[in-house]
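Letter by letter, the chains look like this.
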Amino acid sequence: MDTFKDIMVKIDDRETAAAALETALIAARKFTAHLDVFHIKPQPSCLVPVPVVSSDIASFVVNEVVTADEQAADETADKTRAVFNEFVVNHGLRQTGTPQKNIGEVSAEYREFDGDEAEMTAWCARAADLMVLPRPTENNPDDALEIVNAAVMEGGSAVLLAPQTKSPSVGERIAILWDGSEEASKAVSYAIPFLVRAQEVVIIETEVPLEEIAGAAELAKRLAWHEIDAQVVKMPEISSVSERAAEVVKQTCAHYDMLVMGAYTQSSMRRWILGSFTKNLILNADIALLMSH
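Along each chain, residues carry numbers from 1 onward, in the same order as the chain's sequence is written. Only residues with pLDDT of 70 or above have their local features reported here, since the model is predicted, and side-chain atom pairs are shown and tallied only from 80 upward, although totals for entire chains, interfaces and linings are computed over all residues. The basis for every side-chain value is the complete set of heavy atoms in the structure, and neither hydrogens nor water enter the calculation.

J.: Any chance you could explain the pairing of strand E6 (residues 158–161) here in plain terms?
T.: Accessible area is worked out with a 1.4 Å probe on protein chains only. A residue is then buried under 20% of its type maximum, exposed over 50%, and partly exposed in between. Helical segments are the DSSP runs of H or I of at least four residues, strand segments are the runs of E of at least two, and each set is numbered from the N terminus. Neither face of E6 is exposed, since Ala158 and Leu160 on one face and Val159 and Leu161 on the opposite face are all buried. Two strands pair under a simple rule: DSSP has to find at least two bridges between them. Of the strand pairs in this sheet, strand E5 (residues 130–133) and E6 are connected by four bridges, and their pairing is parallel. Within E6, the position partnered with Val132 by the bridge is Leu160. Note that E6 and strand E11 (residues 288–292) share three bridges and pair antiparallel. Across the sheet, Leu161 pairs through a bridge with Leu289, a residue of E11.

Dropping the structure here:
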């Protein structure tokens, strides 16, 4: 793939939507792409919050909980749609959901889905060139990480995590975290459309088992065939996961605006759990993260 044309963007609320939308728009302008913005209304909870003494009372309490959840979901959906409408007006984007040839401009549409957020996000990612997600915040780290898990592990497309704060550029100065793994290789393949358009590319090499075959120098040679001039930097050997993540943050966040990396797991379950190193970077590296598994 040499470009992205269909970029899906998940937004939830005003707190995280702005950075996600702005990040997606910067990417869309690079590729003259379409922004397919969506919001997922979660299913109402059916948990009974208080002890009940009869089936009639249980039914009443459940109905009350479901009604309250539905009202809250509707209010959030209304606010989210308002954020999208404001975004479209501010940037003068044409709203359409119909693909057209040689359109020559960024277009956008807004859709709502009902269901489990993680599952629906994974389904959406399967029908997109690129999935842009808001970054987990201190207010919702667990729920948001579950959604990131689903998109990366089950979606089948590249996932771009927006930074927590809006950035004036995305993909102009790119760092690649490289260990020769399958996950890192896939991430680089997905990132090619960004890499060929970047002003600066650096490969941060960690420990590579077969360095003479799949080391950073070999990756740089591969990228050179795409006319991408990539410099190689060797990361010091650090055993601690948190210290390694901190070193990556130190080497990237002050200068680069995108980090390309493989997403790693620590479980063999169907819906894997992102490894602690990956999770650490998601929560602490405040630049755009392009990931794949």
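What follows picks up the thread again.
J.: Where do I start with the packing of aromatic side chains in this structure?
T.: For any pair of aromatic rings, the description rests on two quantities: the centre-to-centre distance and the angle between the ring planes. Stacked, edge-to-face and tilted labels apply to pairs of Phe, Tyr and Trp rings (six-membered ring for Trp) whose centres lie within 6.5 Å, assigned for plane angles under 30 degrees, over 60, and everything in between, in that order. The final tally for this structure, using the stated rule, is five aromatic pairs. Pairing Phe31 with Phe194 gives two aromatic rings, centres 5.1 Å apart and planes at 80 degrees, and the pair type is edge-to-face. Of this pair, Phe31 sits in helix H1 (residues 14–31) while Phe194 sits in helix H5 (residues 182–195), and the two are 163 residues apart along the sequence. With relative accessibility at 0%, the residue Phe194 sits in the buried group. Ring centres 5.3 Å apart and planes at 35 degrees place the aromatic pair Phe84 and Tyr110 in the tilted group. Of this pair, Phe84 sits in helix H2 (residues 55–91) while Tyr110 sits in strand E4 (residues 107–114), and the two are 26 residues apart along the sequence. For Phe84, a relative accessible area of 0% gives the class buried. Grouping aromatic residues by their ring pairs yields a cluster made of Phe4, Phe31 and Phe194. Two conditions define a charge located above a ring, namely a distance within 6 Å from the ring centre to NZ of Lys or CZ of Arg, and an angle within 35 degrees of the ring normal. The ring of Trp123 has Arg126 sitting right over it, with the charged end atom 4.4 Å from the ring centre. The ring of Phe277 has Arg244 lying over it, and the distance from NZ or CZ to the ring centre is 4.8 Å.

J.: I keep staring at the confidence of the model for the protein chain and nothing clicks. Help me out?
T.: Parts of the prediction with low pLDDT should not have their coordinates interpreted in detail. Counting all residues, the mean pLDDT for the protein chain is 87, and 87% of those residues have values of 70 or more. Confidence over residues 268–272 falls short of pLDDT 50; this stretch has 11 contacts with residues more than four positions distant or in other chains. You can read pLDDT as the predictor saying how much it trusts each residue, on a scale of 0 to 100. Throughout, a contact is declared for two residues whenever any of their heavy atoms are within 4.5 Å.

J.: Help me out: how do you make sense of the environment of Val260 in this one?
T.: By the secondary structure assignment, Val260 is in strand E10 (residues 258–262). Look at Val260 and you get buried, because its relative accessible area is 1%. In sequence terms Val260 and Ile176 are 84 residues apart; their C-alpha atoms lie 4.7 Å from each other. In contact with Val260, other than residues within four places in its own chain, are Ile174, Ala175, Ile176, Leu177, Ala187, Val188, Ala191 and Leu290.

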